[in-house]
Structure formats: structure tokens, C-alpha cells
Amino acid sequence: MKKSLTRLLNKTGGFAMVTAFMLLQISCNKTNDAALKSSANSVTPASLQQKVLFIIVDGAMGTEAKLIAPPVLTGLTNHAIFSWNGLTGYTNTAVTNSSTWTTLLTGVNNDKHGVANSMSSANLVAYPTVFTRLKTVAPALRSVALTSVDSLKTALAGGATVANSFGGDDAATNTAALAEIKNNNPDLLLVQFHAVDVAGANGGYSAGSAAYKAAMLQTDTYIGQLINAVKSRANYVNENWLFVITSNKGSNTGIPDNSSWSAFDDNRHNTFAFYYNPRFVPKTAARPVGILPYAGVTPNYTIGSNGTSNNAAYVPNARLNGALNFGPGAEFTMQCKIKFPTGGYNYPAFLGKKPLFDDASTGFLFFIEGSDWQVTTKGSISSRQQSRGTTVMDGQWHTLTGVVRYEAGVRRLIAFTDGAKTSAAQIKTLNVNDDFTNPADFVAGSFLGNASTVNNCLITDIRIYRTALSDTYIGSNYCSVQVLPTDTATSKLIAYWPSTQIITNTDPNNGLKDSLYLQDYGPNNFKLIMKSKNQSSFNDKTDKLCPPISVASYVSVPNNADALPVIFSWFNFPIPASWNLDGKVWIPSYNDLIN
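Residues numbered from 1 in each chain as written. Predicted model: local features only at pLDDT ≥ 70, side-chain atom pairs only at ≥ 80, totals over all residues. Heavy atoms only, no water.

## Some details on the packing of aromatic side chains
Moving on, step 1. Under the definition given, this model contains 27 aromatic pairs.
Moving on, step 2. Where Phe571 meets Phe573, the ring centres are 5.8 Å apart and the plane angle is 25 degrees; that geometry is what we call stacked.
Moving on, step 3. Members of the aromatic cluster, joined through ring pairs, are Phe82, Trp84, Phe272 and Phe274.
Moving on, step 4. Just above the ring of Trp586 sits the side chain of Lys584; from NZ or CZ to the centre is 4.0 Å. (Phe/Tyr/Trp six-rings, centres within 6.5 Å; stacked < 30°, edge-to-face > 60°. Lys NZ or Arg CZ within 6 Å of the ring centre and 35° of its normal.)

## Let's talk about the sheet that holds strand β8 (residues 283–284)
Moving on, step 1. Spatially, 8 strands are ordered β4-β3-β5-β1-β6-β7-β2-β8 in an open sheet, and the strand pairing comes out mixed. Looking along the sheet, the strands with just one partner apiece sit at the ends: β4 (162–165) and β8.
Moving on, step 2. Pairing between strand β3 (residues 143–147) and strand β5 (residues 188–193): 5 bridges, direction parallel. Following the sheet pairing, Ser143 is matched in β5 by Leu188.
Moving on, step 3. The sheet contacts of helix α10 (residues 210–231) involve β1 (49–57), β5, β6 (239–247) and β7 (270–276), and relative to β1 the element is tilted by about 170 degrees.
Moving on, step 4. Lying on the sheet, helix α14 (residues 563–570) is in contact with β1, β5, β6 and β7; it crosses β1 at an angle near 160 degrees. (Pairing = 2+ DSSP bridges. Helix = DSSP H or I, 4+ residues; strand = E, 2+ residues; numbered from the N terminus. Contact = heavy atoms within 4.5 Å. Axes fitted to C-alpha atoms, helices over the stretch in contact; angles between N-to-C directions.)

## Let's talk about the state of the cysteines
Moving on, step 1. Applying the stated criterion across every chain yields a total of 1 disulfide.
Moving on, step 2. Sulfur-sulfur distance for the disulfide between Cys479 and Cys546 comes to 1.9 Å. As the torsion about the S-S bond is roughly 85 degrees, the Cys479-Cys546 disulfide counts as right-handed. Taken together, the residues Cys479 in the loop between α12 (471–477) and β23 (493–497) and Cys546 in the loop between β27 (535–541) and α13 (551–554) connect sequence positions 67 residues apart.
Moving on, step 3. According to the relative accessible area criterion, Cys479 is buried, its value standing at 16%. (Disulfide = S-S within 2.5 Å. Buried < 20%, exposed > 50% of the residue type's maximum accessible area, 1.4 Å probe, protein only.)

## Considering the pairing of β5
Moving on, step 1. With 6 of 6 residues buried, β5 is to be regarded as a mostly interior element.
Moving on, step 2. Burial along β5 is two-sided: the face carrying Leu188, Leu190 and Gln192 and the face carrying Leu189, Val191 and Phe193 are both buried.
Moving on, step 3. One ladder, built from 6 bridges, connects β1 with β5; its direction is parallel. When the bridges of β5 are listed, Val57 appears paired with Phe193.

## Examining the packing of helix α9 (residues 195–203) against α10
Helix packing for two helices is described by the angle between their axes and how far apart those axes are.
Moving on, step 1. It is at 8 Å that the axes of α9 and α10 come closest, and there the two elements cross at 175 degrees. Overall, the two elements α9 and α10 adopt an arrangement that is roughly antiparallel. Here α9 contributes Ala195, Val196, Ala199 and Gly200 to the contact with α10, which in turn contributes Ala211, Tyr212, Ala215, Met216 and Thr219.
Moving on, step 2. A per-class count over the contact of α9 with α10 returns 7 nonpolar, 2 polar and no charged. (Parallel < 35°, antiparallel > 145°, perpendicular 65-115°, else oblique. Nonpolar A, V, L, I, M, F, W, Y, C, P; charged D, E, K, R; others polar.)

## Notes on the pattern of salt bridges
Moving on, step 1. Under the criterion given, the structure shown has 20 salt bridges.
Moving on, step 2. Across the salt bridge formed by Asp471 and Arg405, the nearest N and O atoms sit 2.9 Å from each other. With Asp471 in helix α12 and Arg405 in strand β17 (residues 397–407), this residue pair connects regions lying 66 residues apart in the sequence.
Moving on, step 3. The partner of Arg412 in a salt bridge is Glu407, and the shortest N-O contact between them spans 3.8 Å.
Moving on, step 4. When its relative accessible area of 21% is taken as the criterion, Arg412 is described as partly exposed.
Moving on, step 5. What you see here is one network of salt bridges that share partners, running through Arg405, Glu407, Arg412, Lys421 and Asp471. (Salt bridge = Lys/Arg side-chain N within 4 Å of Asp/Glu carboxyl O.)

Below you can see the structure in the form of C-alpha cells.
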């Protein structure tokens, strides 16, 4: 199972890396607006000394910070690129202080820097910190790291000109930072505060928590003092400061493992981020809203056809090795997503394992009656039973789930439409000793038996589990079009065909000849072989499904990996492609340009 799922997830991961790299390259090839002339003075900003104050606030959830409305941060929105919906990153990986600090300071995500819980595992040779990179490209620059947490300084600030930590004392950290600004000449000054995360861990990461709110407001006061100290510097008129202010992570609680996941909905990933300079035109980067499209290429089935079955996809019974032969006492679940045309039809069957759609042969399948769908079983003892779902012949996407399970000591057959359980009258009783074993192929498409013909039927996201999924699980996850390793049901999968990508066989040794097939990402690699080359592409927006959010959506808000490339761009240092960074540069607009 792990191997097959990894193949699928690696495709997504590869796209993420390419997208992030493209964004970085596009951004870095643009004109750096910091070099444009300012109408406010006679010198160009490029002739000023570029400097950065980099402030990290641990554990400050962006959405909760927005509700608290800290006055300093709120005031910065007039001259900042900012977001209350920033992200630590966009993959469902470890979110710890150690991992997020490392991402902020190296410009790469967990899969590259290698940190989950211990910064001792950081791959700082391949992915050095911002301090080390600055020391390499501009050794004369003064970089200073002042951290509240000692381990951050020890593990990640080795390349800084000066590094000190203060045993969890934010006030002492702030005092040291104010002294550095007043008495020295830092080019990059990192200041890290930790009290907000402590308050959240102890009493909840919520604007409604008095301790969390108080810690956030106190940290906001420190931020204001640091900004004012910079603006009070004797040489400030000859300096051009970028203020990078971000939380490293949100809360310590994410989405339950059994629920569909997105980084935007996982409170651990939620941060705020501000790139502030008094000359910036304000720009907010908010979480994208609206329904995401469900897209892909899948067989265009004709179901019914009085049993011709020439437009189906199938797994030969001999290759199933008994995996879909459910014997006495077995519980199981079959699920798929469909988009069928409007109308009413007489009994076309379209998914399952049964030799015939009749009353005598054993097995299980889904079929249409009128405009509704039903799941039917015929066991070795019971007569054929069918549990009726609701209307699906409407040209819209729907998720169909059929379950055989024990309830109160009785074996039952239950249909679910879009996560909703059928009525009690449609829940059918089966014999405990019913055996559904049969010699038929597993088929998506037409079955033998008299039936209406229905054209242009799409069937995707086919799953078969060797367990009876619960009502709660089905209701919470029916819309998902992903199978994640963290999902507790994943270990129970027998087969999983996303059915959104058609593959042409190129291996003459796998017995498929020149067939097209749908890849099985379950543990058994049961290729679903197409009998026809008839296929359709689709790209539909629907509130019935919840496709994964695209990488483009995730990087439309600031991510932790953006901090390093933003800082290097501010210093006008090139970012070689060989660094293989994950972040992008946010290009500002200016409010005082000469037209």
C-alpha cells in the first residue's frame, strides 16, 4: 500500500516543486522595484543601505491574531504586503517549532531540510541558513540572531556574526534587540519571540483565551518598539529597511486524520506574514475562495447496451486472486463518484462484481432505476437484496457508497448518497452466512442483462475496502478525491482507482498488450483495463466534491519558505537556481515613484 500511494503522492510533490521553482524564477527575473527612483528624496533607494529586521512570533495563528487586532501589526497594513492566511507550507507534514524555524531560515520545506522534531537532523550542508548564505556572498554584512529559545540559536544561527539567546525570556530578547539597533549597525537582525506559543499551548490558541490575547498584545508592543527604534536611528535617512514579521506556525492541533485535509483548514499551518516598508503600496494576500474544479481524463462509458459490455473497463477475475470474493460474515464497502446524464432509465448496472444483473447469480453491483441509484447483492443464501439511494441522474457529480456491515448483530446492506444514509426502509437485511464469491470479472461499465442504454457516463474515484466504513466516516469524507496515508481507512483498501488519468500500456510483459488502463493505487495493483479507447476530459466545479487545493492556490499567500528569497532579493543578491529553494519573492509596488 505504501509503495502505490507514494507513487501517486510523488506526482503531486513533483508538480509542487516545479511550480514553486517557476514562481521563484519569474519573480527573480523581474526588475527589483527597490532600485526605482523615489519622488520623496534626491537619491535612489538603491544607493541607500539595504537592511532587514526579521521578527518571528512563535505560535501566532493568523486568523486569531486578526481577531485580536494588535494595533502595531494592524497599523502596518497601510504599507505592507501582508496576509492573515499565511502558511507554514502546503503539505501535510510535521508542524513543529523546530521544523518551521528551519523552513523560515533555509527557504526550503521539511522534505529538503529534514527537520521534524529535532533541528539536529537539519541538512544545512545542502540548504544553509540565511546567515550562512549571507556570510558567503557578503562577509562584510553584520547579521545578528537574538532568540528567546536557546535551541534555535544553537542549531540554526551558527552562521550569524553575533548570536545570543535568552532562555525563553521575550522581554530580555527585546531589550537586547533594542540595544543592537541603537548601538550597532546590523544589516540583518533576527528577533524571535516565544511567549505567544507558550500561552497557546497552555490555554488554547484562540482570541478568546485571555492569556493568548495578552501574550499577542505584549509581543505586538515589542514589535512596535523595535520598529520605532529602527526609525529613530541616527542614520535612518540613509537606510532602506524591510521589516519581515511572521509567525512560525499556528496551533498544535490540526484536522482529524479521518477528515479531508488542506493546509488552509489545518490550524497548525495558519500564520500571519508582513513584508513592510513605508514606501510600499498595501497589498493583502488572502486565502482563495470559491469552489475548486474537479478535473481529469476518464473513460466515457456507455452502460446498459443489453449486455454488449464493449465500452467497459475490467479486472479479470483470474488477476483478482480472490481479493473481491467476500465470504460468510465479511463486511465490505464499495464507493465511486459518477456524473450521469439527466433522465430515467431501466436497470443499467455500472459497477461491481457479478456475472449477470439477475436474481440468481451471486455478487454485488451498483445500478440505476428511474433517476435513482441502488446497490444490490445476491448471496449464497439470501435472495437478491437492493438498498435504494437518491436521485443521481441529473448531470451532476455524486458520491455513491454501498456498505455491507453488522449493526446490532444483524448483517445489513446500506446505500449512501453524497455521504447521507438511505432511509431506514431502504436498509436491507442479509444472512450472516451469505457468501458473495463468484467467478466474474470486476467491471466498471456494462453488465449482461436487459437494460436501458445510457451514454456519456463518467465513473471515477472507485474504492473497495475490506471493512464497513462508519456513517461518520462516510459523512465526513465522501467528497474527498484523495486517499492519504494518514487516513485510518487507507490500510483497509483493497483497490483504489482515481480514474482521472488514462495510461497506455508500454510493458509487453504485463499481459495487457496495447491496452489502455486505469492505475490501481491500492496494495494489489489491479489495473482496470479499458475495452474501448472512448474517453472524456472533464473540468467541473461542483459543491458535491472537494478536490485538493492546487499548489498555485497555496503559494498565492506567503509561505514560510518565502522569507529567505524575499530577504536576499531585498539585498539585491541573485538567487542561483542551484539553491533549489521552495519559496518565491513577493514584488512590491511603491507609493512614491516618479511617473
